[in-house]
Amino acid sequence: MTSEHVKCLIIGSGPAGYTAAIYASRANMQPVLYQGGQPGGQLTITNEVDNFPGYPDGVQGPQMMQDLENQARRFGTDIRYGLVTKVIFSEQPGLGTPHRAIVDDKHEITADSVIISTGASAKWLGLPSEMRLNGRGVSACAVCDGFFFRGQDVAIVGAGDTAAEEASYLANLCRKVYMLVRRDEMRASHFMQKRVQTAHNIEILYNTSTEEVLGDEDVTGVRVKNSVTGEERILDVTGFFVAIGHKPNTDIFKEYLDLDESGYILTEKGSTRTSVPGVFACGDAQDNIYRQAITAAGTGCMAALDAERYLVTLEMQGEEIVQQ
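Owing to the predicted nature of the structure, the values given are computational and were not obtained by experimental measurement.

1. Concerning the pairing of strand β7 (residues 99-103)
Then, in step 1: Counting buried positions along β7 yields four of five residues, so the element is predominantly enclosed.
Then, in step 2: Here strand β6 (residues 84-88) runs beside β7; their pairing, made up of four bridges, is antiparallel. Pairing of valine 84 across the sheet is with valine 103, part of β7.
Then, in step 3: Bridge count between β7 and strand β8 (residues 107-116): five bridges; the pairing is antiparallel. Residue pairing in the sheet places isoleucine 102 in a bridge with glutamate 108 of β8.

2. A look at the packing of aromatic side chains
Then, in step 1: A full pass over the atoms with the stated rule returns six aromatic pairs.
Then, in step 2: An aromatic cluster of three or more residues is present, and its members are Phe89, Phe253 and Tyr256.
Then, in step 3: Positioned over the ring face of phenylalanine 75 is arginine 26, at 5.0 Å from the centre of the ring.
Then, in step 4: Directly above the aromatic system of phenylalanine 147 lies the positively charged group of arginine 150, at a separation of 4.0 Å from the ring centroid.

3. Quick look at the state of the cysteines
Then, in step 1: Under the counting rule described, the total for this entry stands at one disulfide.
Then, in step 2: Not engaged in a disulfide, the cysteine cysteine 174 finds its nearest cysteine sulfur in cysteine 141; these two sulfurs lie 13 Å apart.
Then, in step 3: Cysteine 301 takes part in no disulfide bond, and the closest cysteine sulfur, belonging to cysteine 282, lies 10 Å away.

4. Things to note about the packing of helix α1 (residues 14-26) against helix α2 (residues 61-74)
Then, in step 1: Two elements in contact, α1 and α2, have axes whose closest approach is 8 Å; the angle formed by their N-to-C orientations is 20 degrees. Judged by the angle between their axes, α1 and α2 are roughly parallel. Considering the relative orientation of α1 and α2, their crossing is left-handed. Note on element contacts: α2 touches α1 through Met65, Leu68, Glu69, Gln71 and Ala72, opposite Gly14, Pro15, Tyr18, Ala21, Ile22 and Ser25.
Then, in step 2: Class assignment of the residues belonging to the contact of α1 with α2 gives a composition of seven nonpolar, three polar and one charged.

5. Things to note about the domain arrangement of the protein
Then, in step 1: Domain boundaries assigned for the protein yield domain 1 (4-121 + 246-323) and domain 2 (124-242).
Then, in step 2: Placing a centre on the C-alpha atoms of domain 1 and another on those of domain 2 gives a separation of 33 Å.
Then, in step 3: Taken together, the two surfaces of domain 1 and domain 2 that pack against each other cover about 660 Å², and 47% of this comes from carbon and sulfur.
Then, in step 4: Taken together, the links from domain 1 to domain 2 amount to zero salt bridges.
Then, in step 5: Put simply, domain 1 and domain 2 have zero residue pairs in polar contact (both at pLDDT 80 or more) between them.
Then, in step 6: Residue composition of the side of domain 1 that touches domain 2, by class: one nonpolar, five polar and three charged.

6. Comments concerning the pairing of strand β11 (residues 153-157)
Then, in step 1: Across the five residues of β11, five count as buried, placing the element largely inside the fold.
Then, in step 2: Both faces of β11 are covered, namely the face carrying Asp153, Ala155 and Val157 and the face carrying Val154 and Ile156.
Then, in step 3: In terms of strand pairing, β11 meets strand β12 (residues 176-180) through five bridges, oriented parallel. Note that in β12 the partner of valine 157 across the bridge is leucine 180.
Then, in step 4: Crossover β11 to β12 through helix α5 (residues 161-171) is right-handed.
Then, in step 5: Strand direction decides the pairing type here: β11 and strand β17 (residues 239-242), joined by four bridges, are parallel. Looking at β17, one finds that valine 154 is bridged to glycine 239.

Definitions and limits used
- Residues numbered from 1 in each chain as written.
- Predicted model: local features only at pLDDT ≥ 70, side-chain atom pairs only at ≥ 80, totals over all residues.
- Heavy atoms only, no water.
- Buried < 20%, exposed > 50% of the residue type's maximum accessible area, 1.4 Å probe, protein only.
- Helix = DSSP H or I, 4+ residues; strand = E, 2+ residues; numbered from the N terminus.
- Pairing = 2+ DSSP bridges.
- Phe/Tyr/Trp six-rings, centres within 6.5 Å; stacked < 30°, edge-to-face > 60°.
- Lys NZ or Arg CZ within 6 Å of the ring centre and 35° of its normal.
- Disulfide = S-S within 2.5 Å.
- Axes fitted to C-alpha atoms, helices over the stretch in contact; angles between N-to-C directions.
- Parallel < 35°, antiparallel > 145°, perpendicular 65-115°, else oblique.
- Left-handed = near helix turned anticlockwise from the far one by under 90°.
- Contact = heavy atoms within 4.5 Å.
- Nonpolar A, V, L, I, M, F, W, Y, C, P; charged D, E, K, R; others polar.
- Domains from an automatic or database assignment.
- Buried area = accessible area lost by both parts, 1.4 Å probe.
- Salt bridge = Lys/Arg side-chain N within 4 Å of Asp/Glu carboxyl O.
- Polar contact = N/O pair within 3.5 Å; in protein donor to acceptor, adjacent residues only side chain to side chain.
- Right-handed = clockwise from strand over helix to strand, strands pointing away.

Next up, the structure:
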């Protein structure tokens, strides 16, 4: 196994990772960034991005990620293809035992600091038609894509607070919102249930499962089935939103870092510091509330600044040891 040492290792790309790389490079931290299994993150499967500042006419998700990657490269970030498959975090990284990461099971990186930006993946129903039309009417983010369905009829799957909140958001933009709930009741809080139940243009369909998303090039409808009566019907919608949760991509860190019950990395309030010194987390890997490109980029900036301060402290401690 080959090995090398770096000042700053960034695990994952997307808005958080690339922003962290831009700031780290400008601070002369010589970061090495591994892009992960989906270089650029979830935005690479998003068509139009209209809510990121600096793009007055909007931008395609893949193009935006390419722009951020190019900017990080311009400042000297060493961006590499590869997947970090294992980490060994040190409890005392400043005492000659740096953090370690294994890339593609064949290359070892030792690092003075690590920034985690592995993101989170939306949970899907697993329908072939859902995957085929992803980005062409199928979405896992109403806040991101609801704007494109103004005045249209849409459907959303889910029964929790997030689904109810996104249904309410869509109701302010769309003509009609069908809320598909698989059981005979919702899991959302009483307040959120009342909010969707009293909305004039939200129709809640209980005991309803999605059989197929319809359309050749774009979504033209959805075929649903009532699990009690067995009745099938087609809803004439142009948008299909899935709000059944997200899974943070943090499994390889659970042995070393404090995570919440859903697997999101816990960070100190007002910072990106994790439970291990020298390890920082940003983006959707630690954000289970907002999950937006702009908030991910913001925490990427924070992570680089936190890591820079940490490295300065580490260097000062090393100089004191030498002087003694």
